[in-house]
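# Descriptive analysis of the structure
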Protein chains: 2
Amino acid sequence: MADRTRPATIADVAARAGVSQASVSRVLNGKQNVDPAIATRVHAAVAALGYTPSIAARSLVHGRNDTVAMVVPDLENPLFQGILKGLSLAAAADGYRVLVADTAEQADEEPAIAREARHRCDAIVLCAPRMPAPQLRALAPLLAPAVVVNRSLDDPAVPTVGVDYARGMRDLVDHLAGLGHTRLVYLAGPDASSSQGERMRGLRDAVTAHPGVTVDALPCGSRLDDGHRAADAVATAVRAGATAVIAFNDLVALGLMPRLVELGLRIPDDVSVAGFDDVPLARYATPPLTSMSVPRSELGAQVWSRLRALIAGEASEHALLFRPRLEHRTSTAPPSEARRTAGVREAAAAASASAPATATASATAELGVGA
Amino acid sequence: MADRTRPATIADVAARAGVSQASVSRVLNGKQNVDPAIATRVHAAVAALGYTPSIAARSLVHGRNDTVAMVVPDLENPLFQGILKGLSLAAAADGYRVLVADTAEQADEEPAIAREARHRCDAIVLCAPRMPAPQLRALAPLLAPAVVVNRSLDDPAVPTVGVDYARGMRDLVDHLAGLGHTRLVYLAGPDASSSQGERMRGLRDAVTAHPGVTVDALPCGSRLDDGHRAADAVATAVRAGATAVIAFNDLVALGLMPRLVELGLRIPDDVSVAGFDDVPLARYATPPLTSMSVPRSELGAQVWSRLRALIAGEASEHALLFRPRLEHRTSTAPPSEARRTAGVREAAAAASASAPATATASATAELGVGA
DNA sequence: CTGTTAGCGCTTTCAG
DNA sequence: CTGAAAGCGCTAACAG
């Protein structure tokens with residue numbers, strides 16, 4: 001039937017149906033009023049030839065290709081995955097597809113990758129937590145239509161969909177303080193990460209609001225391994241009187257907890273642990289991990305909503321910020337009375353048995369009110 | 001300088017450089033020998049105009065757009081993510097980008113989604129574990145160039161990159177049998193999943209090879225929740241004498257373990273638990289989860305290697321199958337002597353205290369030699 | 001209502 | 001070695 005050597009073109013269909021290409025185009029795009037008889041013949045020809053319009057040709061004419069790009073630093077991060085999924089599904093509902101560009105954490109390559117990806121698509125979603133703010137501020141407008149996700153940007157022309165990390169941290173500290181914790185440890189994320197900065201801000205606000213509470217920041221990272229490696233330092237801090245740990249995110253918390261247990265600490269009896277992001281596994285951790293829930297998919301969906309508006313030529317909407325929600329689980333509880341009141345703890349003794357005594361105080365930074 | 005209203009075209013560059021479009025094209029594509037003087041002027045014009053070739057126009061002429069599609073049933077599955085990441089990175093190294101098409105588990109929509117995605121790209125990667133084999137066998141060739149990942153397909157024209165799930169299961173049972181376990185429980189994945197079928201095959205082989213060993217298959221699923229929900233049934237089986245559980249994958253195992261502990265069972269003292277895939281979190285689970293490691297990124301990289309060959313017009317390579325590697329961790333250990341020899345167990349009593357006595361025997365299927 | 005005619009921006013013969 | 005011209009496949013005026 002159909003000639004399998006060369007994909008059928010609109011000309012083939014027109015010839016076969018005995019009409020002009022314009023008519024075929026009209027029929028296929030439901031334009032104007034077309035004689036039903038012609039429509040029938042066109043459809044028949046299309047079916048017989050197995051014709052499908054060339055995306056490339058159509059893109060050239062229309063100047064768009066119904067595809068949007070999303071650059072992500074790491075496809076394996078649950079947060080970015082969720083955003084991508086939400087975006088992908090929402091965009092698909094409008095006939096758009098998503099092109100992914102994993103920058104493999106190469107922050108310096110991001111601008112180039114973003115431009116290239118944008119060039120192939122009608123719009124772009126920037127997820128670049130590590131990119132210096134000035135650089136992002138300069139880059140984003142050049143990529144328009146673009147929306148920035150997971151961080152803020154002071155440019156009304158570039159919509160933003162983010163998470164109020166500062167507020168989330170503040171709420172988390174409120175939670176811990178409410179339980180009676182006064183000496184907290186924070187396992188910090190990558191210095192370059194924008195959300196890390198926002199978290200620190202939230203922490204400072206919290207410390208100001210809770211005069212009796214202190215938070216020591218320990219350098220850590222954003223992944224499972226980082227959390228695992230930070231366990232010794234945390235144990236040391238606990239021995240020195242800390243009763244709760246806030247991890248940069250759930251991955252860090254999840255990597256941290258088992259090692260803490262290995263070091264002889266009980267969670268939450270000896271130390272409470274909280275994460276951030278509320279990844280699916282958090283509720284199934286041992287013990288179930290208290291976390292600040294972030295609506296990953298919804299972030300992606302909202303990104304699409306803004307991107308679509310931009311593509312349609314509408315003015316950019318207001319910045320959107322989701323407030324994380326506390327998911328209180330077993331990993332956080334009031335400090336034991338002994339730990340709460342005394343300077344010396346039973347648990348500390350247990351911990352010191354297996355934990356190295358290496359002091360990491362030099363890397364520690366206590367958050368002052370104005371710090 | 002550059003006119004910001006309309007993107008510069010090759011004609012603009014040609015005019016500005018005072019040469020023909022053909023020359024511009026030649027310079028930009030490094031074709032033939034071009035007069036250095038002309039090249040210089042072209043480059044200057046390009047820079048001045050901020051010119052970038054139109055991807056759409058180029059695609060129309062070349063008949064390709066340096067993009068490949070990948071359809072996945074669920075972007076949140078760690079296995080698929082890993083494959084996507086590996087593919088994305090490998091493809092990027094050759095100047096290709098990846099378009100993702102999440103089918104949101106709508107197996108019946110897959111063919112349509114796949115065709116649509118393929119139509120926008122030069123090739124496609126099919127990850128469709130739930131699609132009936134006959135349907136896939138019929139579809140894949142129509143999508144060529146295409147490669148199927150994570151399952152096999154009996155078509156020499158369609159390359160395949162998969163995981164030897166049967167062998168993995170076999171090896172896992174060997175491991176468990178070697179530890180002394182004889183009564184195993186298998187938490188089965190979705191019936192429609194091809195890898196579920198392969199796992200069952202491996203299980204049957206194993207049972208045949210180990211005369212004293214039996215495996216009871218319990219319907220379960222492929223996600224955290226599924227594992228969590230299956231805990232009661234597992235506890236019942238343990239009370240009835242089972243000493244080890246093999247989960248369809250790590251997600252299931254990770255969801256299962258905490259609930260098992262809640263029900264009063266100790267892992268691995270009362271019951272050993274093993275997963276499959278070796279997701280990053282497995283090693284940080286409580287207890288660390290024994291799993292069959294699958295090279296996720298490598299799968300993606302190999303997929304790209306095959307796809308690239310196909311795009312280049314080379315003959316399709318032989319099917320590739322990775323053999324999972326055992327990662328023996330704490331969650332599997334020899335059964336306690338008491339459990340191993342006696343028909344009655346101490347742990348069972350503990351378990352029965354909190355676990356409902358509901359029998360799930362009706363949903364159970366023991367694997368016979370020829371089953 | 002339908003056919004004709006220009007392009008969309010780029011590459012590529014084919015002359016010169 | 002370079003320019004002119006012919007498309008790639010499709011859509012969108014513009015006439016009829």
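Up top is the structure these notes are about.
The notes below deal with the structure included here. (Residues numbered from 1 in each chain as written. Chains lettered and ligands numbered in written order. Predicted model: local features only at pLDDT ≥ 70, side-chain atom pairs only at ≥ 80, totals over all residues. Heavy atoms only, no water.)

## Looking at a nonpolar patch on the surface
Together, Leu60(A), Leu60(B) and Val61(B) give the surface a local cluster of nonpolar side chains, amounting to about 270 Å² of exposed area. If you trace the backbone, Val61(B) turns up in helix α4 (residues 55-62). (Patch = residues over 30% accessible without salt bridge, like charges linked within 9 Å, V, L, I, M, F, W, Y side chains within 5 Å. Areas by Shrake-Rupley, 256 points an atom, 1.4 Å probe, with all protein chains shown as cover. Salt bridge = Lys/Arg side-chain N within 4 Å of Asp/Glu carboxyl O. Helix = DSSP H or I, 4+ residues; strand = E, 2+ residues; numbered from the N terminus.)

## Here we look at the relation of the copies chain B and chain A
Mapping chain B onto chain A leaves a residual RMSD of 0.1 Å; the transformation is a rotation of 180° accompanied by 0.0 Å of translation along its axis. Taken together, the rotation angle and the small translation identify this as a two-fold axis. Within chain B, Leu99(B) has its C-alpha nearest the rotation axis, a separation of 2.1 Å. A shared interface surface links the copies, since 100% of the contact residues of chain B are contact residues in chain A too. (Least-squares fit on C-alpha atoms with pLDDT ≥ 70 in both. Contact = heavy atoms within 4.5 Å.)

## Overview of the protein's contact with DNA strand D
As a structural note, the neighbourhood of DNA strand D is formed by 28 residues, with Ile10(A), Tyr51(A), Ser23(B), Arg26(B) and Asp35(B) the closest of them. The contact in question runs from a phosphate oxygen of DNA strand D to an N or O atom on the side chain of Tyr51(A), over 2.4 Å. Within the backbone of Ser54(A), one N or O atom sits 3.0 Å away from a phosphate oxygen of DNA strand D. Of all elements in the fold, only α2 (21-29) and α4 (55-62) of chain A together with α2 (21-29) and α4 of chain B reach the threshold of two or more residues within the surface near DNA strand D. Looking at the surface near DNA strand D element by element, the count peaks at 5 residues for α2(A). (Near = heavy atom within 4 Å. Polar contact = N/O pair within 3.5 Å; in protein donor to acceptor, adjacent residues only side chain to side chain.)

## Considerations on the environment of Met257(B)
Residues and elements named next belong to chain B. Within the fold, Met-257 resides in helix α11 (residues 250-262). Judged by its relative accessible area of 2%, Met-257 falls in the buried class. Note: C-alpha distance between Met-257 and Ser-272 (15 residues apart in sequence) is 9.8 Å. Residue contacts for Met-257: discarding those within four places in its chain leaves Ile-267, Val-273, Ala-285, Thr-286, Pro-287, Leu-289 and Ser-331. (Buried < 20%, exposed > 50% of the residue type's maximum accessible area, 1.4 Å probe, protein only.)

## Focus on empty space enclosed by the protein
Sizing a probe to match a water molecule and rolling it over the atoms shows the empty space that remains. Inspection of every chain in the model, using the stated rule, returns 3 cavities of 30 Å³ or more. Of the pockets and cavities examined, the largest cavity occupies roughly 150 Å³. Ala285(A), Thr286(A), Tyr284(B), Ala285(B) and Thr286(B) are, among the 14 residues lining the largest cavity, the residues nearest its centre. Of all the secondary-structure elements, those providing two or more residues to the lining of the largest cavity are α11 (250-262) of chain A together with α11 of chain B. Grouping the amino acids of the lining of the largest cavity by side-chain chemistry returns 12 nonpolar, 2 polar and no charged. Of the volumes computed, that of the second largest cavity is approximately 50 Å³. Lining the second largest cavity are Leu75(A), Gln81(A), Leu84(A), Leu75(B), Gln81(B) and Leu84(B). For the lining of the second largest cavity, the elements supplying multiple residues, two or more each, are α5 (78-93) of chain A together with α5 (78-93) of chain B. Here the residues of the lining of the second largest cavity are counted per class, giving 4 nonpolar, 2 polar and no charged. (1 Å grid on protein atoms, 1.4 Å probe; cavity = no way out; pocket = protein on both sides within 12 Å on 5 of 7 lines; lining within 4 Å. Points joined across faces, edges and corners; volume = space filled by probe spheres on them. Nonpolar A, V, L, I, M, F, W, Y, C, P; charged D, E, K, R; others polar.)

## Topic: the packing of aromatic side chains
Residues and elements named next belong to chain A. A complete count under the given rule lists 4 aromatic pairs over all chains for this structure. Where Tyr-165 meets Phe-276, the ring centres are 5.5 Å apart and the plane angle is 45°; that geometry is what we call tilted. With a gap of 111 residues between them, Tyr-165 in helix α8 (residues 165-179) and Phe-276 in the loop between β9 (272-274) and β10 (291-293) connect regions that are remote in the sequence. Owing to a relative accessible area of 1%, Tyr-165 belongs among the buried residues under this scheme. Using a relative accessible area of 0% as the deciding quantity, one classes Phe-276 as buried. A cation over an aromatic ring shows up here: Arg-199 above the ring of Phe-248, its NZ or CZ 3.9 Å from the ring centre. (Phe/Tyr/Trp six-rings, centres within 6.5 Å; stacked < 30°, edge-to-face > 60°. Lys NZ or Arg CZ within 6 Å of the ring centre and 35° of its normal.)

## Describing α11(A)
Residue and element names in this part refer to chain A. Helix length check: α11 (13 residues) gives 19 Å between terminal C-alpha atoms against 18 Å at 1.5 Å per residue, within 8%. Judged by how many residues are buried, α11 sits mostly within the fold: 10 of 13 residues are covered. Residues of α11 that are buried in the fold lie against α5, β6 (183-188), α10 (224-239), β8 (244-247), β9 and β10. Where α11 begins, the side chain of Asn-249 points an oxygen toward the backbone nitrogen of Leu-251, at a separation of 3.1 Å. Taken from the residues just after α11, Gly-264 is the one with a positive phi, measuring 95°. (Expected span 1.5 Å × (residues − 1).)

## Regarding the pattern of salt bridges
One pass over the full model with this rule turns up 38 salt bridges over all chains. In this structure, Arg64(A) engages Asp66(A) in a salt bridge whose closest nitrogen and oxygen atoms are separated by 2.6 Å. A residue is classified by how much of its surface remains accessible, and Asp66(A), at 23% relative accessible area, is partly exposed. Salt-bridge contacts for Asp12(B) lead to Arg6(B); the nearest nitrogen and oxygen are separated by 3.1 Å.

## Topic: the pairing of strand β5 (residues 160-163) of chain B
All names here are of chain B. Residues Thr-160 and Gly-162 point to one face of β5 and Val-161 and Val-163 to the other, with burial holding for every one of them. Bridge analysis of strand β4 (residues 146-149) against β5 gives 2 bridges, and the strand direction is parallel. Looking at the pairing, Val-149 lines up with Val-161 of β5. Two elements, β5 and strand β11 (residues 320-322), share 3 bridges in a ladder whose sense is parallel. Paired with Val-161 across the bridge in β11 is Leu-320. (Pairing = 2+ DSSP bridges.)

## Topic: the protein's contact with DNA strand C
The environment of DNA strand C is formed by 28 residues, the closest being Ser23(A), Arg26(A), Asp35(A), Ile10(B) and Tyr51(B). The share of sugar and phosphate among atoms of DNA strand C within 4 Å of the protein is 65%. Between DNA strand C and Arg26(A) there is a distance of 2.3 Å, counted from a base oxygen to a side-chain nitrogen or oxygen. Between Tyr51(B) and DNA strand C, the recorded distance is 2.5 Å, taken from a side-chain N or O atom to a phosphate oxygen. Of all the secondary-structure elements, those providing two or more residues to the surface near DNA strand C are α2 and α4 of chain A together with α2 and α4 of chain B. Here the surface near DNA strand C gets 5 residues from one element, more than from any other, and that element is α2(B). Split by residue class, the surface near DNA strand C holds 12 nonpolar, 11 polar and 5 charged.

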